[in-house]
Amino acid sequence: MAEPKTPEHTTITSIPSPTPSTSSQPFDTLPPPPPHGPLARLRHYEALLDHKLGVEKNGPARILPEDRKPPNTAVMALMWASATMNLSCFATGFLGWEFGLDLKQSILTVVFGTLIGGMVTGWCATLGPPTGLRQVAISRYSFGWYPSKIIAALNVVEQLGWSSVGSITGGLALSAVSDGHVSLVLGVIIVAVLGLIFSFIGLRGVLWYESWAWAIFFVIFMVMYGEVAHLADTKTVSQLHGQSLSGTVLTLLGIVYGSSASWSSIVSDYYVQYPVNTSKTKVFLLTTIGITIPTCIGMVLGCCVGSTMGVNKEWADTYDSGLGYLIQTMLYPRGFAKFLLVVLVLSGIGINCIAIYSAALSIQLFARPLQIVPRAFWTLMIFVGILLLGVAGRNHLLAVLQNFLALLGYWNTAFFVILFTEHYLFRKGKVDNYDLEVWNTQSKMPNGIAGLIAFLLGIVGCILGMVQTWYVGVIAKRIGETGGDIGNELAFVFTLMAYVPLRYLERRWFPGR
């Protein structure tokens, strides 16, 4: 949305003179006083912060080719390494042991699920540089104007969840390193505040942090591998067999896949500054690798440590006290373990930076009136939501991970299918077939009937095939004793079968949209 331009400073001379005078000097270089009205004042102060501190004020507007300031290409991989090589992924690796899988089964499931999810996100990333649009804005060209608001709303919920998970894991580490002197609640707040600082600045702050933080976490995880990986239980065999084993593997696969695929609905938010002619292959590979390898580093280590819970009573008892205390017990010497925990607290910031920034953009893209309110304001509102969720779920980390991550994968699968089908089947794989100038014009977008119905049918498939602690789908129940999660598979099939014929009809009834 266009905003009125105001001069950066006002020049006032002491005595007006019709002729130039070298003795007449400006003495007031301050910005003009803030305009009247709350929204106008907010935008005024946002512009002032942008001028003084570099706080981003563009909001969700399309970044034109001539206005872009491309980051280093390597950032496409490094930013996701910082966001995924963290305690949250380490904790997710314990789910294999929780479900009754042995080490080999857990590792293979983690690697395969992460790769598939990373590829989904990697493809969605390729739409960012050629369009200059955020991911929710891109979805308007397939979902339609109003159904895309559902994606924006789900994005906000998703990023709130991610940030709360990052804050909880960071808070657990901070509480442990302080020997309980810092409460878990205070630890959650501290990690959330640190993430807020970088996301408040905007894309520049997020990319700067994510470009460098990964190296520190990589070194720490390698140290942890060296100290504890050789203690993994490679001899114990899973007691699951037949359909029960298949169902359990499918359930873990859905959770891990959801962890990596969940970035697909925001990934283009971070690629809008790259040139239009950036190689799609390079974008896809760097993003996929940048998500897959770091995520596997954390999760596989979690698999190794989790496998010891049945044979190492000391670790199992410590784990009941919290993840941070377990890490402190595993590593040695104790002083070094505390130091690593302090640094690992920062790993939660990587998730928070990305999640808070994209959630604020999604709020602005939900409705045009919300774009008038500065992104910085919505960032603060998201921060408050993160605190509430993080504090409420601080004692239930694995339950949050098990339910939350799987739910992410379900709707992101339907989202991906619709974008992918629209791009290759109906727009012939060419960005030229998108009228990018009308990205914010309702009348130029698809009617939305096809996108909405296909998406909802995809959710129906999820419900039929999901396995959660609070609900097991009708079809999922038929796989083994505890059920097998095939929600993503059914979402893929239901969405694809519905979208193709409905979109053909929609284009016939509403030509040009």
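Please read all numbers here as calculations on a predicted model, not as lab measurements.

**Concerning the confidence of the model for the protein chain**
Then, number 1: Residues at a pLDDT of 70 or more form 85% of the protein chain, whose mean pLDDT is 84.
Then, number 2: No element of the protein chain has a lower mean pLDDT than helix α1 (residues 38-53), which averages 55, and none a higher one than helix α5 (residues 103-125), which averages 97.
Then, number 3: This model gives residues 1-31 a pLDDT under 50, and the stretch forms 27 contacts once residues within four places in sequence are excluded.

**Some remarks on the nonpolar core**
Then, number 1: Core analysis: the largest hydrophobic core is formed by 117 residues, its most contacted members being Phe90, Tyr270, Val305 and Ile327.
Then, number 2: Val156, Ala192, Ile363 and Val373 belong to the second largest nonpolar core, which has 13 residues in total.

**Examining the state of the cysteines**
Then, number 1: Enumeration according to the criterion identifies zero disulfides in this entry.
Then, number 2: Cys303 carries a free sulfur, and the closest cysteine sulfur to it, the one in Cys304, is 6.8 Å from it.
Then, number 3: Taking the relative accessible area as the measure of exposure, Cys303 reaches 4% and is therefore buried.

**Some points on the environment of Ala261**
Then, number 1: Structurally, Ala261 is set in helix α11 (residues 242-261).
Then, number 2: Between the C-alpha atom of Ala261 and that of Met119, which follows or precedes it by 142 residues, the distance is 7.9 Å.
Then, number 3: Setting aside chain neighbours within four positions, we find Ala261 in contact with Gly117, Val120, Thr121 and Asn412.

**Notes on empty space enclosed by the protein**
Then, number 1: In the structure shown here, the tally under the stated rule is two cavities of 30 Å³ or more.
Then, number 2: Of the volumes computed, that of the largest cavity is approximately 40 Å³.
Then, number 3: What lines the largest cavity is simply Ala83, Thr84, Asn86, Ser88, Cys89, Trp162, Ser259, Ser260, Trp263, Thr295 and Ile351.
Then, number 4: Of all the secondary-structure elements, those providing two or more residues to the lining of the largest cavity are α2 (75-84), α3 (87-92) and α11.
Then, number 5: When grouped by side-chain class, the residues that make up the lining of the largest cavity number five nonpolar, six polar and no charged.

**Overview of the pattern of salt bridges**
Then, number 1: If you walk through the whole model with that rule in mind, you get five salt bridges.
Then, number 2: A salt bridge links Arg427 to Glu422; the nearest nitrogen and oxygen atoms lie 2.9 Å apart.
Then, number 3: Under the relative-accessibility criterion, Arg427 is labelled buried at 9%.
Then, number 4: What makes Glu422 buried here is its relative accessible area of 1%.
Then, number 5: It is possible to trace a salt-bridge network through shared partners that takes in Glu422, Arg427, Arg503 and Glu506.

**With respect to the side chain of Ser358**
Then, number 1: Along the chain, the position of Ser358 falls in helix α16 (residues 347-366).
Then, number 2: Residue classification places Ser358 among the buried residues on the basis of a relative accessible area of 0%.
Then, number 3: In contact with Ser358, other than residues within four places in its own chain, are Gln159, Ile266, Asp269 and Tyr270.

**Comments concerning the packing of helix α13 (residues 313-321) against helix α14 (residues 323-330)**
Then, number 1: For the pair α13 and α14, the least separation of the axes is 6 Å and the interaxial angle reads 145°. Taken as a pair, α13 and α14 cross one another with a handedness that is right-handed. Contact residues: Glu314, Trp315, Thr318, Tyr319 and Ser321 in α13; Leu323, Tyr325, Leu326, Thr329 and Met330 in α14.
Then, number 2: Counted by class, the contact of α13 with α14 contains six nonpolar, three polar and one charged residues.

What counts and how
- Residues numbered from 1 in each chain as written.
- Predicted model: local features only at pLDDT ≥ 70, side-chain atom pairs only at ≥ 80, totals over all residues.
- Heavy atoms only, no water.
- pLDDT = per-residue confidence, 0-100.
- Helix = DSSP H or I, 4+ residues; strand = E, 2+ residues; numbered from the N terminus.
- Contact = heavy atoms within 4.5 Å.
- Core = buried A, V, L, I, M, F, W, Y, C linked by side-chain atoms within 4.5 Å.
- Buried < 20%, exposed > 50% of the residue type's maximum accessible area, 1.4 Å probe, protein only.
- Disulfide = S-S within 2.5 Å.
- 1 Å grid on protein atoms, 1.4 Å probe; cavity = no way out; pocket = protein on both sides within 12 Å on 5 of 7 lines; lining within 4 Å.
- Points joined across faces, edges and corners; volume = space filled by probe spheres on them.
- Nonpolar A, V, L, I, M, F, W, Y, C, P; charged D, E, K, R; others polar.
- Salt bridge = Lys/Arg side-chain N within 4 Å of Asp/Glu carboxyl O.
- Axes fitted to C-alpha atoms, helices over the stretch in contact; angles between N-to-C directions.
- Left-handed = near helix turned anticlockwise from the far one by under 90°.

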